[in-house]
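Summary of structural features
If you want the building blocks of each chain, they are given just below.
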Amino acid sequence: MADEQKTYEPATCGHCGGIGCTYCDKTGTVLVRAPKKACPECEGVGCIYCGFTGWAHPKGKYD
Ligand SMILES: [Zn+2]
Ligand SMILES: [Zn+2]
């Protein structure tokens, strides 16, 4: 599935609420796979599954 087209859109970082933290690289926003939706594991609070962004499928360093 390497040639699957992925699109991402910016979302306010769920961990810091836009202030900026290590999880959003101090930007306050994170790129998440479109259409963005809250992480089903933590409902936006932040957990290991969403990289502490609060969003499902954040664009990670490993993508
Ligand atoms: Zn943040
Ligand atoms: Zn989560």
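Residue indices follow the written sequence of each chain, beginning from 1 at its first position. Whichever chain is written first is A, and whichever ligand is written first is 1; the rest continue in order. Local features in a predicted model are, by the rule used here, given only for residues with pLDDT of at least 70; side-chain atom pairs are given and counted only at 80 or more, and totals for whole chains, interfaces and linings are based on all residues. The basis for every side-chain value is the complete set of heavy atoms in the structure, and neither hydrogens nor water enter the calculation.

1. Considerations on the overall build of the protein
Only DSSP runs of H or I covering at least 4 residues are called helices, and only runs of E covering at least 2 are called strands; the numbering of each starts at the N terminus. When helices and strands are tallied, the protein shows 0 helices and 2 strands. The 63 residues of the protein split such that 27% are buried. Counted over contacts in the protein with a minimum sequence separation of 6, partners at least 24 positions apart contribute 40%. A 1.4 Å probe and the Shrake-Rupley method give the accessible areas. Residues count as covered only by the protein chains that appear here. In the structure as shown, the protein presents an accessible area of about 4,500 Å², 54% of it carried by carbon and sulfur atoms. To sort residues, take the accessible area from a 1.4 Å probe on protein chains only and compare it with the maximum for the residue type: under 20% means buried, over 50% means exposed, and anything in between is partly exposed. What makes two residues a contact is simply this: any of their non-hydrogen atoms within 4.5 Å.

2. Describing the coordination of the zinc ion (ligand 2)
Those donors, Cys39 (SG), Cys42 (SG), Cys47 (SG) and Cys50 (SG), are the protein atoms that reach the zinc ion (ligand 2), and they lie 2.3 Å from it. Note: metal donors comprise N, O and S atoms at 2.8 Å or less from the metal (3.2 Å for Na, K and Ca); water molecules are not included, so apparent gaps in a site are possible. Angle rules define the geometry names used: all angles between 85 and 135 degrees makes four donors tetrahedral, while opposite donors over 155 degrees apart and all other angles between 65 and 115 make four donors square planar and six octahedral, leaving every other case irregular. Classification of the site at the zinc ion (ligand 2) rests on its 4 donor atoms, whose angles at the metal span 107 to 113°, yielding the label tetrahedral. The motif formed by the donor residues of the zinc ion (ligand 2), counted along the single chain, is C-x2-C-x4-C-x2-C. Each member of the pair Cys42 and Cys47 is classed as buried.

3. A few points about the packing of aromatic side chains
Side-chain rings of Phe, Tyr and Trp (the six-membered ring for Trp) are treated as a pair once their centres are within 6.5 Å; stacked means planes under 30 degrees apart, edge-to-face means over 60, and tilted covers the remaining angles. Under the counting rule described, the total for this entry stands at 1 aromatic pair. The ring of Trp55 has Lys36 lying over it, and the distance from NZ or CZ to the ring centre is 5.6 Å. Any Lys NZ or Arg CZ found within 6 Å of a ring centre and within 35 degrees of that ring's normal is scored as a charge over the ring. For Lys59, the ring lying beneath its charged end belongs to Tyr8, and the centroid distance is 5.0 Å.

4. Describing the pairing of strand β2 (residues 29–33)
Here β2 shows a clear split, with Val30 and Val32 buried on one side and none of Thr29, Leu31 and Arg33 buried on the other. For two strands to pair, DSSP has to find at least two bridges joining them. Pairing geometry for strand β1 (residues 8–12) and β2, over 5 bridges, is antiparallel. The residue bridging Thr12 from the neighbouring strand is Thr29, located in β2.

5. Some points on the coordination of the zinc ion (ligand 1)
Coordination of the zinc ion (ligand 1) by the protein is provided by Cys13 (SG), Cys16 (SG), Cys21 (SG) and Cys24 (SG), with metal-donor distances spanning 2.3 Å. Linear spacing of the donor residues for the zinc ion (ligand 1) on their chain is C-x2-C-x4-C-x2-C. In terms of burial, Cys16 and Cys21 fall into one category: buried.

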